[in-house]
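Read off the chains here:
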Amino acid sequence: MPTVKLKPRHRPFCFSVNGHVKMLRLALTVTSMTLFIIAQAPEPYIVVTGFEVTVTFFFIVLYILRLDQLINCIFWPLLDIINSVVTAVFMIVISVLALIPETTTYIVLGGVFGLVASVLSIADGALIYRKLLFNPSGPYQKSAVHDKL
């Protein structure tokens, strides 16, 4: 039975570096939210982490099903970078607020997992930004001056 070799360009999202970072970010955010729920932390901690879990899960499903190529009226990489920055800011704020009073062990652990998730969120945004710089898509692409002559 012959094996089908996929081109590197058609590598599934689950096996890419961006996929691994995004799924690890989702796992850490879910862990942080679970620890906040177990510790009965203040509601904003749970709500913000739950929102981040939902949005990250949406982007993972979007990329796995290749809906970003089907729905091309939205510039998905820019939306993903904005999401990564907003997630990093929210998770840093929530994690620092959870670490300051040191009420219970679970809240402190949730804050630590939240800080690690925010670092991964920054890394995810940087990976997408780097991919966007090296592989621009859109109507405007740079060309050398001597190509016009």
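What you see as residue numbers is a count from 1 along each chain, following the sequence as written. It should be noted that, the model being predicted, local features are given only for residues of pLDDT at least 70 and side-chain atom pairs only at 80 or more, the latter also being counted only at that level, while totals for whole chains, interfaces and linings use all residues. In computing side-chain properties, one takes all heavy atoms of the structure into account and sets aside hydrogens as well as water.

- The chain goes by Chemokine-like factor in an unreviewed UniProt entry, where it is assigned to Tursiops truncatus.
- Under the Subcellular location (unreviewed entry) heading, UniProt states for the chain: "Membrane". UniProt positions are given in the numbering used here, feature names are shortened, and annotations may be inferred rather than shown by experiment.

### Remarks on unusual backbone geometry
With the exception of glycine, most residues fall at negative phi, and the peptide bonds are largely trans.
Next up, step 1: One non-glycine residue, Gln-40, adopts positive backbone phi at about 55°.
Next up, step 2: The numbering of helices and of strands both runs from the N terminus, where a helix is a DSSP run of H or I of at least 4 residues and a strand a run of E of at least 2. Tracing the chain through its elements places Gln-40 in the loop between α1 (17-38) and α2 (43-64).
Next up, step 3: Judged by its relative accessible area of 70%, Gln-40 is exposed.
Next up, step 4: The phi dihedral of Arg-66 is positive, around 60°, even though this residue is not glycine.
Next up, step 5: With respect to the helices and strands, the residue Arg-66 is situated in the loop between α2 and α3 (67-70). For each residue, the accessible area found with a 1.4 Å probe, counting protein chains only, is set against the maximum for its type, and the residue is called buried under 20%, exposed over 50%, and partly exposed in between.

### With respect to the packing of aromatic side chains
Next up, step 1: For Phe, Tyr and Trp, rings pair up if their centres lie within 6.5 Å, where Trp contributes its six-membered ring, and each pair is then called stacked (planes under 30 degrees apart), edge-to-face (over 60) or tilted (otherwise). Tallied over the entire structure, the rule returns five aromatic pairs.
Next up, step 2: Between Phe-58 and Trp-76, the aromatic rings sit 6.3 Å apart at their centres with planes inclined by 55°, giving tilted as the arrangement. Of the two residues, Phe-58 is situated in helix α2 and Trp-76 in helix α4 (residues 76-99); the sequence distance between them amounts to 18 residues.
Next up, step 3: Residue Trp-76 is classed as buried on the basis of its relative accessible area, which comes to 6%.
Next up, step 4: Each member of the aromatic cluster is reached from another via a ring pair, and the members are Phe-58, Phe-59, Tyr-63 and Trp-76.

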